[in-house]
Amino acid sequence: MVSKETILPDRAFALELLKKLRLPISIRLHSINVANKGLEIAENIRKVNVDTRLVEIGGLLHDIGRTRTHGFEHALIGGKIIRERGLPKSLARICETHILGGLDKEDAKTVGLPIKDYLPETIEEKIVCLADKQMMGDREVSIDARFEKWFSKYGKTKLLIKSRERIKKIEKEIKVLI
Ligand SMILES: [Fe+2]
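Predicted model only: the values in this text are computed from it and were never measured.

## A short note on the packing of aromatic side chains
Consideration 1: Within this structure, the stated rule accounts for two aromatic pairs.
Consideration 2: Put simply, the rings of Phe147, Trp150 and Phe151 pair up and form one aromatic cluster.

The following block contains the structure:
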């Protein structure tokens, strides 16, 4: 028997789940845009295999934790929701690693999360993290523009500067795979 932990749900299931858990409509729309942007990035990659379904469904579900909180913990809570529902761990990892450019132990301490790395490692995790930074709500933006917005809101903090560099590195890494 194939367990549901290894089977990716489809788009309709993911959208229905977001609706059922009452994720605000604006975040649902953002999630659809992140999924679509992620698919666009994934489809351009030629040099490595990318699980495009995982990118799509991961993009749709990456902010599922926002059904409970909009703080940094939404990443961890999202992972927990996915795991509790017996959905694939690969989706939980996408939730847990999508914040800023991913968080290392030092960043996790700074934002008050349990101290460990939450860094995107697989190509699918990196693509969703990047696509999320390129979509501000439903608008496509550059990484610099995305971070400028955060700088004006939270100040030019070490955490944000470090994250911007990390996501730019991921963007470059992905570019060479096209
Ligand atoms: Fe998020």
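## Overview of the state of the cysteines
Consideration 1: In the structure shown here, the tally under the stated rule is zero disulfides.
Consideration 2: Of the cysteine sulfurs around Cys129, a residue in no disulfide, the closest is that of Cys95, at 12 Å.
Consideration 3: For Cys129, a relative accessible area of 0% puts it in the buried group.

## Quick word on the layout of surface pockets
Consideration 1: Taken as a whole, the largest pocket holds about 610 Å³ of empty space.
Consideration 2: Mapped by element, the contributors of at least two residues to the lining of the largest pocket are helix 2 (25-44), helix 7 (123-134), strand 1 (135-136), helix 8 (143-154) and helix 9 (158-175).
Consideration 3: When residues of the lining of the largest pocket are assigned to their parent elements, the largest contribution, five residues, is made by helix 8.
Consideration 4: Among the elements of the structure, helix 2, helix 7 and helix 9 are those that each provide at least two residues to the lining of the second largest pocket.
Consideration 5: In terms of residues, the lining of the second largest pocket owes the most to one element, helix 2, which gives four residues.

Conventions used here
- The numbering scheme is per chain: residues are counted from 1 as the chain's sequence reads.
- Selection of residues for local features in this predicted model requires a pLDDT of at least 70, selection of side-chain atom pairs for listing and counting requires 80 or more, and totals for whole chains, interfaces and linings are taken over all residues.
- Hydrogen atoms and water are omitted, and side-chain values are computed over all heavy atoms in the structure.
- Pairing of aromatic side chains here covers Phe, Tyr and the six-membered ring of Trp, requires ring centres within 6.5 Å, and sorts the geometry by plane angle: under 30 degrees stacked, over 60 edge-to-face, intermediate tilted.
- Throughout, disulfides are identified as pairs of cysteine sulfur atoms within 2.5 Å of each other.
- Here's how the labels work: a residue is buried when its accessible area is under 20% of the maximum for its type, exposed when over 50%, partly exposed in between, all with a 1.4 Å probe on protein chains only.
- Put simply, the grid is 1 Å and covers the protein atoms alone, a cavity is a trapped set of points that fit a 1.4 Å probe, a pocket is an open set with protein on both sides within 12 Å along at least five of seven lines, and lining residues have an atom within 4 Å of a point.
- Grid points are joined across faces, edges and corners, and a volume is the space filled by probe spheres set on the points.
- Think of it this way: any DSSP run of H or I at least four residues long counts as a helix, any run of E at least two long counts as a strand, and we number them from the N terminus.

So yeah, pure geometry; function would need other evidence.
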